[in-house]
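Results of the structural survey
As a plain string of letters, each chain reads:
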Amino acid sequence: MKRNVLNLCIGLLFVFLFFSCSNDVDDIYISYGVIRNVTSNDNYEILTDKGNTLAVTKSYTSQTIENDKRVLVNYEILSDKDKNKKIYEVKVNGYYNLLSKPLVNESFILQEEEVRRDSIGNDPFVNVSAWFGGNYINIDFNILYEQNVNKKHMINLIYDDIQAAADTIYLTLRHNAYGEVPAKGVYLYKGWGRCSFKISDLLPEGVTSKPVKLMWTQYGYNYEAKECSDNGVFKTGNTTTEQYTVRDGLDEFVEVI
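Let us look at the structure shown here. If you're wondering where the values come from, they're calculated on a predicted model, not measured in any experiment.

1. Description of unusual backbone geometry
Positive phi is not limited to glycine here, since Tyr 178 has a value of about 50°. With respect to the element layout, Tyr 178 can be found in the loop between strand S10 (169-176) and strand S11 (189-198). Phi at Asn 222 is positive, roughly 55°, even though this residue is not glycine. Positionally, Asn 222 belongs in the loop between strand S12 (209-219) and strand S13 (225-235).

2. Topic: the pattern of salt bridges
Inspection of the entire model under this criterion finds 4 salt bridges. Across the pair Asp 49 and Arg 70 runs a salt bridge, and its minimum N-O distance is 2.8 Å. In this pair, Asp 49 sits in the loop between strand S2 (43-48) and strand S3 (53-59) while Arg 70 sits in strand S4 (residues 70-82), placing the two residues 21 residues apart along the sequence. Taken as a pair, Asp 49 and Arg 70 share a single burial class, namely buried. For the salt bridge of Arg 194 with Asp 140, the shortest nitrogen-to-oxygen distance reads 3.1 Å. Of this pair, Arg 194 sits in strand S11 while Asp 140 sits in strand S8 (residues 136-145), and the two are 54 residues apart along the sequence.

3. A closer look at the packing of aromatic side chains
For the structure shown, the criterion picks out 7 aromatic pairs. Centre to centre, the rings of Phe 125 and Phe 141 are 5.8 Å apart; their planes meet at 70°, and the pair counts as edge-to-face. With Phe 125 in the loop between helix H3 (113-120) and strand S7 (127-133) and Phe 141 in strand S8, this residue pair connects regions lying 16 residues apart in the sequence. Neither residue differs from the other here; Phe 125 and Phe 141 are each classed as buried. Judged by centre distance (5.0 Å) and plane angle (85°), the rings of Tyr 187 and Tyr 189 are edge-to-face. Put simply, the rings of Tyr 145, Tyr 187 and Tyr 189 touch in pairs and so form one group of aromatic residues. Between the NZ or CZ atom of Arg 70 and the centre of the ring of Tyr 136, over which it lies, the distance is 3.8 Å.

4. Digging into the environment of Thr 64
One can find Thr 64 in the loop between S3 and S4. Sequence spacing of Thr 64 and Ser 40 is 24 residues, and the spatial spacing of their C-alpha atoms is 9.8 Å. In this view, Thr 64 contacts Lys 69 and Tyr 95; residues no more than four positions away in its chain are not counted.

5. Here's the deal with the environment of Thr 57
Looking at the element boundaries, Thr 57 is found in strand S3. Setting aside residues no more than four positions away along its own chain, Thr 57 makes contact with Asp 42, Leu 78, Glu 89 and Val 90.

6. Brief notes about the sheet that holds S10
Ordered by their spatial adjacency, 5 strands build an open sheet running S6-S9-S10-S12-S13, and the pairing between neighbours is mixed. Here the strands that pair on one side only, and so sit at the sheet edges, are strand S6 (104-105) and S13. In this sheet, S12 lies alongside S10 in parallel orientation, the contact comprising 4 bridges. Its bridge partner being in S12, Ile 169 is matched across the sheet by Val 212.

Thresholds applied
- Residues numbered from 1 in each chain as written.
- Predicted model: local features only at pLDDT ≥ 70, side-chain atom pairs only at ≥ 80, totals over all residues.
- Heavy atoms only, no water.
- Helix = DSSP H or I, 4+ residues; strand = E, 2+ residues; numbered from the N terminus.
- Salt bridge = Lys/Arg side-chain N within 4 Å of Asp/Glu carboxyl O.
- Buried < 20%, exposed > 50% of the residue type's maximum accessible area, 1.4 Å probe, protein only.
- Phe/Tyr/Trp six-rings, centres within 6.5 Å; stacked < 30°, edge-to-face > 60°.
- Lys NZ or Arg CZ within 6 Å of the ring centre and 35° of its normal.
- Contact = heavy atoms within 4.5 Å.
- Pairing = 2+ DSSP bridges.

Right, here's the structure in full:
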């Protein structure tokens, strides 16, 4: 029941977010960013992945505003506070807290490999979509889950620091479903979620770009697990067009840790 209530709340928020955009409301925007310089719930800044500073003067959200929180924010521009410096005064209509946590080093797992690999998990995803924005890699994913069970799945991104001297940054997205898998013999639903991991610190000093390989395990035919990967080049201060995926109406949002 708790998960269903959360699904409804998040679903309503994103219906508003994407419905606003689809109706050509020119002064409503959606951006990935990081909260900073908080003085009150109506006075803080959000640094977006495109390098804009949103100076918040009105905020219509009951959520706690915290420095360094990674968010997907819906906002309206009230005025150009300093257009040359890309600073805009805005009103926040609402935002979604993105799961954002430190990377886990492969060397840390190897210290107690059996226990730590089991804890982090290796359960498959249904599908994964990833892109770079600002200092982060943003990831949308689908997973299978059991309805009406108050259980949060766990998501982690593993950095292979053992190959840190190589030309490529190797990352593995890991999922612990805590037993909510097809082999259990119960009906599972498909849900979606988002996470975002800071990877700019993985670039050596003086290096502004580096190839990245993201790997994960995914369900294939008849729920057989298969290994998948995607490649791209991460650049410091990436300000390319922000992306986000509108999910199938049959999918539900699932909270992960």
